[in-house]
There are 2 protein chains.
Amino acid sequence: MSSILAQTATRRAPHAVAQATRRTAAAARYHASTSARASRSKLAASGAAGAAAVAGALWWWSTSTSSLVENLIPAAECKAGPIKVATDAVNLRPLGLDFAHRGNTTFKSPVIMDTSKPMGERMAAYVKELQNEIVGALEELEQAEAPSFNGAKFERDAWTRTDGNGGGMSCVLSGGRVFEKAGVMVTVMESKMSPAGVAQMRARGRDFGDIPKDAHVPFFAAGISIVIHPNNPHAPTAHMNYRYFEVRDPKTNKPVAWWFGGGADLTPTFLDANDAAHFHAQLKAPCDRSLGKHAYPALKEWCDEYFYLPHRKETRGVGGIFFDDLDTDSPHAPKGATKEQLFAFVRDAGRAFVPAYAPTVARHMRQPYTAAEKRWQQLRRGRYVEFNLVLDRGTKFGLMTPNARIESILVSLPETARWEYCHTPVAGSPEARILDVLKTPRDWLNVGIGAAVIPDDLLDANLAVKA
Amino acid sequence: MSSILAQTATRRAPHAVAQATRRTAAAARYHASTSARASRSKLAASGAAGAAAVAGALWWWSTSTSSLVENLIPAAECKAGPIKVATDAVNLRPLGLDFAHRGNTTFKSPVIMDTSKPMGERMAAYVKELQNEIVGALEELEQAEAPSFNGAKFERDAWTRTDGNGGGMSCVLSGGRVFEKAGVMVTVMESKMSPAGVAQMRARGRDFGDIPKDAHVPFFAAGISIVIHPNNPHAPTAHMNYRYFEVRDPKTNKPVAWWFGGGADLTPTFLDANDAAHFHAQLKAPCDRSLGKHAYPALKEWCDEYFYLPHRKETRGVGGIFFDDLDTDSPHAPKGATKEQLFAFVRDAGRAFVPAYAPTVARHMRQPYTAAEKRWQQLRRGRYVEFNLVLDRGTKFGLMTPNARIESILVSLPETARWEYCHTPVAGSPEARILDVLKTPRDWLNVGIGAAVIPDDLLDANLAVKA
């Protein structure tokens, strides 16, 4: 559980200052360019057209279920500007992909929507069902790419903790045609936190009432954690994680505190503004629906802050959303929000992952690439390893937890990675372009967080797609 | 400097308990085998013969300077048993390698042996000269392997800190025929430690007299740090680091404390007991000469403890020596030891690196290998990355140091690495054999630290050499 549960982050982490600096620098850079500013006005005006284009890019995803597309893409809110749709998206149709059943609001397991059941039980049922959905979608991509041998499959690996207090199911695919390595892990556990663990949670503001400082505190946790590394350097890596955490009274074993945490983020090797804007739009929709308009900008910023490598002065990728400590008192929950409403958000956000990510993989998995592009991907994979081993709280917590299942924690690492001394991309190259975005997070959906997406970015990015 | 300077470790780290457990388990395993015990008696009796064999293996190293060989290998003390000399060592002669000038006790720079000069100046001159020697030796190996294009060369990259308080020379070779990536870095700097940094040093027992707790304390540091990753999976990775640290009074700028730290360790992909015993014997010699008989066992054990990955329950490699806080009061310094004597030890230990490591590379760099063996090397490289990013104090300190030169810190990472979910070697395979040694550190030179080296180990290991 450790890798899933411990991704706790204070709302204003030490990176906040760096983040602010980056934003200031980004703003200066942007405002210095009057031509860019002029372009931006045009861009805002053409927001609706851009949104329509995004919707168009996804037509194949929903096949003929246009209402589903509307569900997934809040057209009026997607104001990233004139996002060009990669024309080869249409060519995916012959692959026979059919993801129409994803995003469906009904669940196979009735317990998920049964409000008479404890939330822990419902969340556990939900993450298990989501795991199956996601594994299924990724296997469909494998099968579409390699129909002759029916595609690579996930290995399903059920495990229990050595102390017997829980376990999980790790679904891992490696050596696929599409995916170098993909892990879709579910963990459900009941155990006790050490006093030090409880103190850490109190330090970030959690209130556990009368529970004494020296108590070993029972908790329940259920979560899903996903990391996917495709082979093709033009197909981005993605990460997703949603978890429910419940702290219980040591005497009565009744819940004294609970919260949700999680998020999803995209890590491309090369910039494709379509992919980034699409991914963000898909994650913004559940935020808007269940938490209100203020939520996405805040969780987007939190994501940029959390996935930041101070020693490289760059973010891990193009971001997404990130949150923790989401309960009814959270500043990110709407006034008067119910636990049910927050669970609805987490359900929606989790189910948005496949529509947010799978089309991007499908669009790039057959894109030709050079050895140099593969090498750049490997170098970026090295950065991914650096983030996960040095900075990710979940991984760090897991590595220090006795009896932790190390393979489930480190399955997030790519299969292959590379480090070169003082590697510096040529100015103006696609490699330099993505680095620029990683050093200055962009405002993909024009919500006022990050540097404005300027048309030049999009035009340049699309060069890569045409290859 | 950070990567060099911060490799400070308390003598009895948290791993000590784990280490003790491992030793107990190893002892139990050993004593359970009566046949092994019987063999061990024979083994001890044949110590001299074994030592002679090691000396023989190195004949080509010293060409005809037999006195040099005696200097490097304390024959009577090398009791690892009947170490078999790989017969292909002799075949290296046609490579035309001539390392006879290494290990010479004279230096080009007179300041190194000039006792009227400050130690900082002498150490700086020493590490610079050692850097040249080591770079030269590694380039000779490259040239021997690829004479037609004169061999790959190191890129020499001089740098200064952004605050102007020091700098260094990073010599890096990548993409060679012999070496995938090799970094030989020297740093010399004068700067100030934060009160927190000083508090950390005080916490591990350093005494800075009257210096107030809130003072920013001036220090001087000079060091050399080396990590070498060969291409051939049968040639082990090696690390070496020696440093001199001096803390100065904030008012007078006169030294109030000083110490040496460092060590060297070997990380093979496949077990070759010859390599391990040879490497240890070369490092034991300078310990014996300058610190006395008690030093090598202690520094060997410290090395096994420091390079231990708790989350994998294995050591990084087959060890070597590791030490810190070496001053005249250190428990590892002989009674009445002078600073000069300790510097002599550091000089000798540094110069032992080429004789300890280069012959092993030469012996394996042309050894045939399979794709499966290369893959195993990549997986072990992954562990190396884990150690350096998660556990190595120098790297961690460097990553958190503002204005640190990140490329010099992370040059220790291999060029390529790999992670596979739940990879488990077949029982009895060469992959399983090295894992066994990593889980139970061996007593390569029969000094009473680690599990006894039993003849079976050696016989099995030699299979790999014959390939």
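By convention here, each chain's residues receive numbers from 1 onward along its written sequence. Here the convention is simple: chains get letters from A, ligands get numbers from 1, in the order in which they are written. Note on the predicted model: pLDDT of at least 70 is required for a residue's local features to be given, and 80 or more for side-chain atom pairs to be given and counted; whole-chain, interface and lining totals, by contrast, use all residues. Based on all heavy atoms of the structure, the side-chain values leave hydrogens and waters out of the count.

Focus on the relation of the copies chain B and chain A
Here comes step 1: Alignment of the copies relies on least squares applied to C-alpha atoms, considering only residues that score at least 70 for pLDDT in both. The transform that puts chain B on chain A rotates by 180 degrees and translates by 0.0 Å along the axis, for an RMSD of 0.0 Å. Between the two chains, the operation in question is that of a two-fold axis. No C-alpha of chain B lies nearer the rotation axis than that of Ala417(B), which sits 2.7 Å from it.
Here comes step 2: Throughout, a contact is declared for two residues whenever any of their heavy atoms are within 4.5 Å. The fraction of interface residues of chain B whose copies in chain A are also interface residues reaches 100%, indicating that both copies meet through the same surface.

Details of the interface of chain B and chain A
Quite often, the size of an interface is put as the accessible area lost when its parts meet.
Here comes step 1: At the junction of the two partners, chain B supplies 27 residues and chain A supplies 27 residues.
Here comes step 2: Taken together, the two surfaces of chain B and chain A that pack against each other cover about 2600 Å², and 61% of this comes from carbon and sulfur.
Here comes step 3: Counting the surface chain B buries against chain A, the share from its top three residues, Glu407(B), Trp419(B) and Tyr421(B), is 30%.
Here comes step 4: The closest approach of N and O atoms between Arg312(A) and Glu407(B), which form a salt bridge, is 3.3 Å. Buried area is a sum: the accessible area each of two parts loses on coming together, probed at 1.4 Å, counted once for each and added. By convention in these notes, a salt bridge is any Lys or Arg side-chain nitrogen within 4 Å of a carboxyl oxygen on Asp or Glu.

Points about the side chain of Arg347(A)
All names here are of chain A.
Here comes step 1: Comment: elements are numbered from the N terminus, with helices defined as DSSP H or I runs of at least four residues and strands as E runs of at least two. Among the structural elements, Arg347 can be located in helix H10 (residues 339-351).
Here comes step 2: For Arg347, a relative accessible area of 9% puts it in the buried group.
Here comes step 3: Those residues in contact with Arg347 that sit more than four places away from it in its chain are Phe107, Ile112, Met113, Arg122, Tyr126 and Glu340. Only protein chains enter the area calculation, which uses a 1.4 Å probe; residues under 20% of their type maximum are buried, those over 50% are exposed, and those in between are partly exposed.

Points about the sheet that holds strand S5 (residues 237-248) of chain B
Residue and element names in this part refer to chain B.
Here comes step 1: Read from one edge to the other, the open sheet built from seven strands follows the order S1-S2-S3-S4-S5-S6-S9, with strand pairing classed as antiparallel. Edge positions in the sheet fall to strand S1 (155-160) and strand S9 (319-326), since each of these pairs with one other strand and no more. Along the sheet, successive strands turn relative to each other by an average axial angle of 10 degrees, direction set aside.
Here comes step 2: For two strands to be treated as a pair, DSSP must find at least two bridges joining them. Where strand S4 (residues 217-230) and S5 come together, ten bridges link them in antiparallel fashion. The residue bridging Ala221 from the neighbouring strand is Phe245, located in S5.
Here comes step 3: In this fold helix H10 (residues 295-306) packs onto strand S6 (255-267) and S9, with an angle of close to 100 degrees to the strand it touches most, S9. Axes here refer to lines fitted to C-alpha atoms; in helices the fit is confined to the stretch in contact. Angles between the N-to-C directions go from 0 to 180 degrees.

Concerning the packing of aromatic side chains
Here comes step 1: Aromatic rings from Phe, Tyr and Trp, with only the six-membered ring used for Trp, were paired whenever their centres fell within 6.5 Å, and each pair was classed as stacked if the ring planes differed by under 30 degrees, edge-to-face if by over 60, and tilted otherwise. Under the criterion given, the structure shown has 36 aromatic pairs over all chains.
Here comes step 2: Each ring, one from Trp258(B) and one from Phe260(B), has its centre 5.9 Å from the other, and the planes form 75 degrees; the classification is edge-to-face.
Here comes step 3: When the centroid spacing of 6.1 Å and the interplanar angle of 10 degrees are considered together, the rings of Phe260(B) and Phe343(B) count as stacked. Of this pair, Phe260(B) sits in strand S6 while Phe343(B) sits in helix H11 (residues 339-351); the two residues are 83 residues apart in sequence, bridging distant segments of the chain.
Here comes step 4: Here the aromatic cluster, defined as three or more aromatic residues joined through ring pairs, consists of Phe107(A), Tyr126(A), Phe220(A), Tyr244(A), Trp258(A), Phe260(A) and Phe343(A).
Here comes step 5: The ring of Phe343(B) is capped by Arg347(B), whose NZ or CZ atom sits 4.8 Å from the centre of that ring. Consider the ring centre and the ring normal. A charge sits over the ring if Lys NZ or Arg CZ is within 6 Å of that centre and within 35 degrees of that normal.

Concerning the pairing of strand S4 (residues 217-230) of chain A
Residue and element names in this part refer to chain A.
Here comes step 1: Across the 14 residues that make up S4, a large majority, 14, are buried.
Here comes step 2: Side chains of S4 alternate between two faces, with Val217, Phe219, Ala221, Gly223, Ser225, Val227 and His229 and Pro218, Phe220, Ala222, Ile224, Ile226, Ile228 and Pro230 buried alike.
Here comes step 3: Of the pairings in the sheet, the one linking strand S3 (residues 179-193) to S4 comprises 14 bridges and is antiparallel in character. Bridge pairing in S4 places Met193 opposite Val217.
Here comes step 4: Between S4 and strand S5 (residues 237-248), which pair antiparallel in sequence order, lie six residues.

Details of helix H14 (residues 393-400) of chain B
Residue and element names in this part refer to chain B.
Here comes step 1: Those residues of H14 that sit buried are Gly394, Thr395, Gly398 and Leu399. In a view along the axis of H14, the buried residues occupy a sector of 130 degrees, so they form one face of it.
Here comes step 2: Under this definition, polar contacts are N or O atom pairs within 3.5 Å; protein pairs additionally need one hydrogen-donor-capable and one acceptor-capable atom, and for neighbouring residues in sequence, both atoms have to be side-chain atoms. Its side-chain oxygen placed 3.3 Å from the backbone nitrogen of Gly394, Asp392 serves as the N-cap of H14. In this context, the arc is that of the directions from the helix axis out to the C-beta atoms.

Side note on the sheet that holds strand S1 (residues 155-160) of chain A
Residue and element names in this part refer to chain A.
Here comes step 1: An order of S1-S2-S3-S4-S5-S6-S9 is seen for the seven strands of this open sheet, with the pairing classed as antiparallel. The outermost strands of the open sheet, each flanked by one partner alone, are S1 and strand S9 (319-326). Strand after strand, the sheet turns through a mean of 10 degrees between neighbouring axes, direction not considered.
Here comes step 2: Sheet strands in contact with helix H11 (residues 353-364) are S3, S4, S5 and strand S6 (255-267), and its direction is about 160 degrees off that of S5.

Some details on the pattern of salt bridges
Here comes step 1: By the definition in use, this model includes 59 salt bridges over all chains.
Here comes step 2: Among the salt bridges present, the one from Glu314(A) reaches Arg380(A), with a minimum N-O distance of 2.8 Å. On the criterion of sequence distance, the pair formed by Glu314(A) in strand S8 (residues 314-315) and Arg380(A) in helix H12 (residues 371-391) is long-range, its members being 66 residues apart. In terms of burial, Glu314(A) and Arg380(A) fall into one category: buried.
Here comes step 3: For Lys284(B), the salt bridge identified is with Asp288(B), shortest N-O distance 2.8 Å. Residue Lys284(B) and its partner Asp288(B) are located together in helix H9 (residues 273-291), separated by four residues, close to a single helical turn. Like Asp288(B), Lys284(B) is buried.

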